[in-house]
Amino acid sequence: MYLIMKKRLIIFGSTGSIGTQTLDVVRNFLNDFEIVGLAAGRNTKLLEKQIKEFGAGEYFSLDDSFRTRSSLLDLVQNLEFDLLVGGASGIDSLESFLYCFEKKIPVALANKEVVVSFGEKIKEICGGAPAVLDNPLVLPVDSEHSGLFQCLRGEDIFSVKRVIITASGGALRDLSEKEKEAVTPDQVLSHPTWKMGKKVTVDSATLMNKAFEVIEAHFLFGIPYEKIEVRLHRESRVHAIVEFNDGHSKLVVSEPDMRLPIQYALFFPKRIKMDASPFDYDQDLSFQKLEKGSYPCFDFALEIARKYPKKLGNLVQKDEEVVNEFLDGKIRFTEILNNLKKCL
Ligand SMILES: NC(=O)c1ccc[n+]([C@@H]2O[C@H](COP(=O)([O-])OP(=O)(O)OC[C@H]3O[C@@H](n4cnc5c(N)ncnc54)[C@H](OP(=O)(O)O)[C@@H]3O)[C@@H](O)[C@H]2O)c1
């Protein structure tokens, strides 16, 4: 008789889009994973349900009447676990990620805010490429970075000519600037291909989300900004392309379903059969160059990254404030850029 060791997981942001999809994957593989800790913000009703379903012994929420641990860091410091899923929004996860890196515990990383705000620190600790590829402490969950990770593994990072990540263009991609002036939060929240949390969905419409992804790719894999390009790709089925110096390119394609990169990160380095729609190779794929000026928030964020990298934390914070103002009906969609500029 032999015992199969389950991978022990802590999930941050378990009540959000990434967190609930992570639990969907875990539900299919209850013999492989054990949930030892969960953390969420204010949705304690759902958190309580998850704790009961998965038997999580320790948990944290922003509601101090509903937690066994006083902070995210307190949760990770007091549990034995094999993988942390970083699916909470905001920057509160930073210390926990640093703790994991120090203890050599991998993080399945969805959270963008921490990487963009503290990119140099994360790069310094995780080693950037090739360390991030050969002996990964960061397992990217975002479909684009998971795609880059899969393309780059086993390759010489110095043979990369350029990398391309794709952008759907968000909910307003077919509207004129004039039409964008009157859009409501509900319109912006109906993303054409992905189902995500509200903040990241608004960021997809301004393309701030894509700017953050470019910055993340720069920090996680050590790729210079001038080698990272974005293509508008309406179908969201090609996630990342790496072109090498010898003229070959590798692509990662799949139907737009976040459970795929989540499952890849949870089982890494194994690939396990998944009950997902097969990729339809008979459908057309379109790519369009991103013209400068067509998404001004994207241009602005990358200008900050190149010229004032120390201001990236301010940009992330300001973006969160401005997106909330838009969702609360306090500013119009077309006022987002001017408000973002106040981060400087
Ligand atoms: N959704 C996607 O497809 C996707 C793809 C790539 C990357 N990401 C990134 O993944 C992160 C989460 O995105 P999401 O779409 O899942 O967002 P979401 O649906 O809004 O969920 C955010 C989660 O974080 C929790 N949370 C917020 N503040 C917290 C805190 N201080 N401590 C603990 N938990 C906290 C929320 O809890 P409550 O709901 O209980 O308040 C919720 O569980 C973001 O950084 C996003 O950019 C998301």
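Here is a short report on the structure shown in this document. Because the structure is a prediction, the values reported are computed rather than measured.

## So, the sheet that holds strand β6 (residues 138-140)
Then, in step 1: Spatially, β3-β2-β1-β4-β5-β6 is the arrangement adopted by the six strands of the open sheet, whose pairing is parallel. Either end of the sheet is taken by a strand with one partner, and the two such strands are β3 (58-60) and β6. The sheet shows a mean angle of 25° between the axes of neighbouring strands, taken without regard to direction.
Then, in step 2: In terms of strand pairing, strand β1 (residues 7-12) meets strand β4 (residues 83-86) through four bridges, oriented parallel. Following the sheet pairing, I11 is matched in β4 by V85.

## A word on the packing of aromatic side chains
Then, in step 1: Within this structure, the stated rule accounts for eight aromatic pairs.
Then, in step 2: A network of ring pairs unites the aromatic residues F29, F33 and F267 as a single cluster.
Then, in step 3: Of note, K180 hangs over the ring of Y295, and the distance from its end group to the ring centre comes to 5.3 Å.
Then, in step 4: The ring of F279 carries R237 above its face, with NZ or CZ at 4.2 Å from the centroid.

## A look at the nonpolar core
Side chains that are nonpolar tend, in soluble globular proteins, to be buried together.
Then, in step 1: One finds F221 and L315 to be the most contacted residues of the largest nonpolar core, which totals 116 residues.
Then, in step 2: For this core, the domains that each give at least three residues are domain 1 (1-126) and domain 2 (143-257 + 284-344).
Then, in step 3: Once residues lying within four places of it in the same chain are set aside, the contact partners of L315 are M208, F212, F300, A301, I304, L340 and C343.

Definitions and limits used
- Numbering of residues starts from 1 in every chain and runs along the sequence as written.
- Per-residue local features of the predicted model are confined to residues with pLDDT of at least 70, and side-chain atom pairs are confined, for both listing and counting, to 80 or more; whole-chain, interface and lining totals are unaffected and use all residues.
- The side-chain numbers reported here are obtained from all heavy atoms of the structure, hydrogens and water having been left aside.
- When DSSP finds two or more bridges between a pair of strands, those strands are recorded as paired.
- Secondary structure elements are defined from DSSP: runs of H or I of at least 4 residues count as helices, runs of E of at least 2 residues count as strands, and each element is numbered from the N terminus.
- Angles here are taken between N-to-C directions and fall from 0 to 180 degrees, while the axes themselves are lines fitted to C-alpha atoms, restricted in helices to the stretch in contact.
- Any two of the Phe, Tyr and Trp rings considered here, Trp counted by its six-membered ring, make a pair once their centres fall within 6.5 Å; the pair's planes then place it as stacked at under 30 degrees, edge-to-face at over 60, or tilted in between.
- Note on geometry: a ring has a charge over it if NZ (lysine) or CZ (arginine) is within 6 Å of the ring centre and within 35 degrees of the ring normal.
- Here, nonpolar core means buried Ala, Val, Leu, Ile, Met, Phe, Trp, Tyr and Cys residues that are tied together by side-chain atoms lying within 4.5 Å of each other.
- Partly exposed residues are those whose accessible area sits between 20% and 50% of the maximum for their type, while under 20% is buried and over 50% is exposed, using a 1.4 Å probe and protein chains only.
- Where each domain begins and ends follows an automated or database-derived domain assignment.
- What makes two residues a contact is simply this: any of their non-hydrogen atoms within 4.5 Å.

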